[in-house]
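# Remarks on the overall topology
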Amino acid sequence: MPARSGGRGLLRYLPVLPALLLLLVFLAGPVFWAFQASFTNTGLTGRNARNPEWVGLENYQRLLLDPVFPLSLGLTVLFVGGSAVLGQNLLGLALAVLMRRARRAVSAVVGTAVVAAWVLPEIVAAFAAYAYFSRDGTLNQLLGGLGAGQPDWLYTWPMAAVVLANIWRGTAFSMLVYRAALNDIPAEVVEAAQMDGATGWQRLAFITLPMIRNSIATNLMLITLQTLAVFTLIWVMTAGGPANSSTTLPVLAYQEAFKFGDIGYGTAVASVLLLIGAVFGVGYIRLLREGKR
């Protein structure tokens, strides 16, 4: 009997075996290779591409001495905090709350407009954002029609432009998450609070937000990890410029690995980015566990 029950226990995991193998091949394998390459002088071309050598912590020592790395790290924090944690998260929550109270026609129109930016292919959305913020783009045409100044947004305020573009691009996800969470709140709880005289802000602060705490933590985790990896949007709009003023860690890793041909140093930057993502992920998972207690 114990042998049979043990065999049945193993059979339970058989359906997830293909998914596990895919994760090992397409996720764990590349991550391990990148981490291992960060300790070598692997190059894109030349002798270091054919016969890379083990250099230990040399690439990570270069990171500490490279003035561009702390700048990129700070810009990455600014980009994630501004466009994901504050922008997409708060705007998505606000839209979900307002759409729940709006008329069905208004809710449908607003929802369609917001989701349209999310369903666009990333490269198409990136070129659309570039066309909007460029010197002769849509935004300056509108400002010119109003008699206002027409600055070169991608040169003067590149980080502001990419932050706003990423908010436009990704807010739909947070809005959908919060709409689903708000629909799960029992109507009788809200009605009881109204009968007790609670205002709209009080119901939001003391009833709605505590009841969707797990959804907030889940949404923050997903959009943070997604925004950490944003590359195409920034590369198309600014290519990390001018003068590295919009070079986030993904852009820096790409430049070092594929523009300058230093795969070892580029993968060291990517490994740091992976570590940052892991720290955020662990933090949000702990927050979720505390919310379930």
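All values reported here derive from a predicted model rather than from experimental measurement.

## Some details on the overall build of the protein chain
Scanning the protein chain from terminus to terminus reveals 16 helices and zero strands. By its C-alpha atoms, the protein chain is 85 × 75 × 30 Å across when sized along the principal axes. Each of the 293 residues in the protein chain was classed as buried or not, and the buried ones make up 39%. Counting every atom, the protein chain has about 17,200 Å² of accessible surface; 68% of that belongs to carbon and sulfur. Computed over 20 positive and 13 negative side-chain charges, the separation of the two mean positions in the protein chain equals 11 Å.

## Considering the packing of aromatic side chains
Evaluation of the coordinates by the stated rule reveals eleven aromatic pairs. Taken together, a centroid distance of 5.2 Å and an interplanar angle of 85° make the contact between Phe35 and Phe39 edge-to-face. On the basis of relative accessibility, which here comes to 44%, the residue Phe35 falls in the partly exposed class. Ring plane angle 20° and centroid distance 5.6 Å describe the contact between Phe231 and Trp235, whose orientation is recorded as stacked. Owing to a relative accessible area of 25%, Trp235 belongs among the partly exposed residues under this scheme. Ring pairing ties together the aromatic residues Phe35, Phe39, Trp54 and Tyr60, which thus form one cluster.

## Some remarks on the UniProt feature "transmembrane region" (unreviewed entry) in the protein chain
The UniProt record marks residues 12-35, 73-98, 105-133, 153-178, 220-243 and 263-285 with the feature "transmembrane region" (unreviewed entry), using the residue numbering of this structure. Along residues 73-98 one finds 100% helix and 0% strand; the C-alpha atoms at either end are 35 Å apart. Segment residues 220-243 splits into 62% helix and 0% strand. End C-alpha atoms: 31 Å apart.

## Some remarks on the nonpolar core
Most often, soluble globular proteins keep nonpolar side chains buried together rather than apart. Among the nonpolar cores identified, the biggest contains 31 residues, and Leu63, Ile212 and Leu249 are the most heavily contacted of them. Sorting the residues of this core by element identifies helix 4 (58-65), helix 5 (68-101), helix 10 (158-183), helix 13 (213-228), helix 15 (249-259) and helix 16 (263-291) as the ones contributing at least two each. Other than its neighbours up to four places away in sequence, Ile212 contacts Leu93, Tyr178, Ala181, Leu182 and Ile185. Core analysis: the next-biggest nonpolar cluster, separate from the first, contains 20 residues, Phe79, Phe133, Ala161 and Met237 among them.

## Topic: the environment of Gly82
Within the secondary structure, Gly82 is located in helix 5. Look at Gly82 and you get partly exposed, because its relative accessible area is 24%. Dropping the residues within four chain positions of it, Gly82 is found in contact with Gly87, Val163 and Ile167.

## Some points on the UniProt feature "domain: ABC transmembrane type-1" (unreviewed entry) in the protein chain
Under the local residue numbering, the UniProt record ascribes the feature "domain: ABC transmembrane type-1" (unreviewed entry) to residues 74-286. Across residues 74-286, the secondary structure splits into 81% helix and 0% strand, with the terminal C-alpha atoms separated by 25 Å.

## Brief notes about helix 4
Buried residues of helix 4: Asn59, Tyr60 and Leu63, and no others. Across the axial projection of helix 4, the buried residues extend over an arc of 100°, all falling on one side. The exposed residues of helix 4 that point more than 90 degrees off its buried face are Leu64 and Leu65.

## Some points on the packing of helix 10 against helix 13
Contact geometry for helix 10 and helix 13: axes closest at 10 Å, N-to-C directions at 160°. It follows from the interaxial angle that helix 10 and helix 13 lie roughly antiparallel. The handedness of the crossing between helix 10 and helix 13 is right-handed. Counted together, Asn166, Phe173, Ser174, Val177, Tyr178 and Ala181 of helix 10 and Ser215, Ile216, Asn219, Leu222, Ile223 and Thr227 of helix 13 form the full contact between these two elements. Of the residues contributing to the contact of helix 10 with helix 13, the split by class is seven nonpolar, five polar and no charged.

Cut-offs and rules
Think of each chain on its own: its residues are numbered from 1, step by step along the sequence as written. Owing to the predicted nature of the model, reporting of local features is limited to residues with pLDDT of at least 70; listing and counting of side-chain atom pairs is limited to 80 or more, with chain, interface and lining totals taken over all residues. Hydrogens and water are ignored here; the side-chain numbers use all heavy atoms of the structure. We count a stretch as a helix when DSSP gives it H or I for four or more residues in a row; a strand needs E for two or more, and each element gets its number in order from the N terminus. Summary of the burial criterion: residues with accessible area below 20% of their type's maximum are buried, those above 50% are exposed, and those between are partly exposed, where the area comes from a 1.4 Å probe applied to protein chains only. Methods summary: accessible areas were calculated by the Shrake-Rupley approach with a probe of 1.4 Å, and residue burial reflects only the protein chains presented. Working convention for charge: Lys and Arg count positive, Asp and Glu count negative, and His plus the chain ends are omitted. Here the site of a charge means NZ on Lys, CZ on Arg, CG on Asp, or CD on Glu. Geometry of aromatic contacts follows a simple scheme: Phe, Tyr and Trp rings, the Trp one being its six-membered ring, pair when their centres are within 6.5 Å, and the pair is stacked under 30 degrees between planes, edge-to-face over 60, tilted otherwise. UniProt positions are given in the numbering used here, feature names are shortened, and annotations may be inferred rather than shown by experiment. Residue types Ala, Val, Leu, Ile, Met, Phe, Trp, Tyr and Cys, when buried and joined through side-chain atoms within 4.5 Å, form a set referred to as a nonpolar core. Any two residues having at least one pair of non-hydrogen atoms within 4.5 Å are treated as being in contact. The arc under discussion is defined with respect to the helix axis, by the directions toward the C-beta atoms. The convention used is that axes are lines fitted to C-alpha atoms, helices contributing only their stretch in contact, and that angles between N-to-C directions extend from 0 to 180 degrees. Roughly parallel means an angle under 35 degrees; roughly antiparallel, over 145; roughly perpendicular, 65 to 115; everything else is oblique. Two helices cross in a left-handed way if the nearer one is turned anticlockwise from the farther one by less than a right angle. They cross in a right-handed way if the turn is clockwise. Ten residues, namely Ala, Val, Leu, Ile, Met, Phe, Trp, Tyr, Cys and Pro, are considered nonpolar, four, namely Asp, Glu, Lys and Arg, are considered charged, and the remaining ones, Gly among them, are considered polar.

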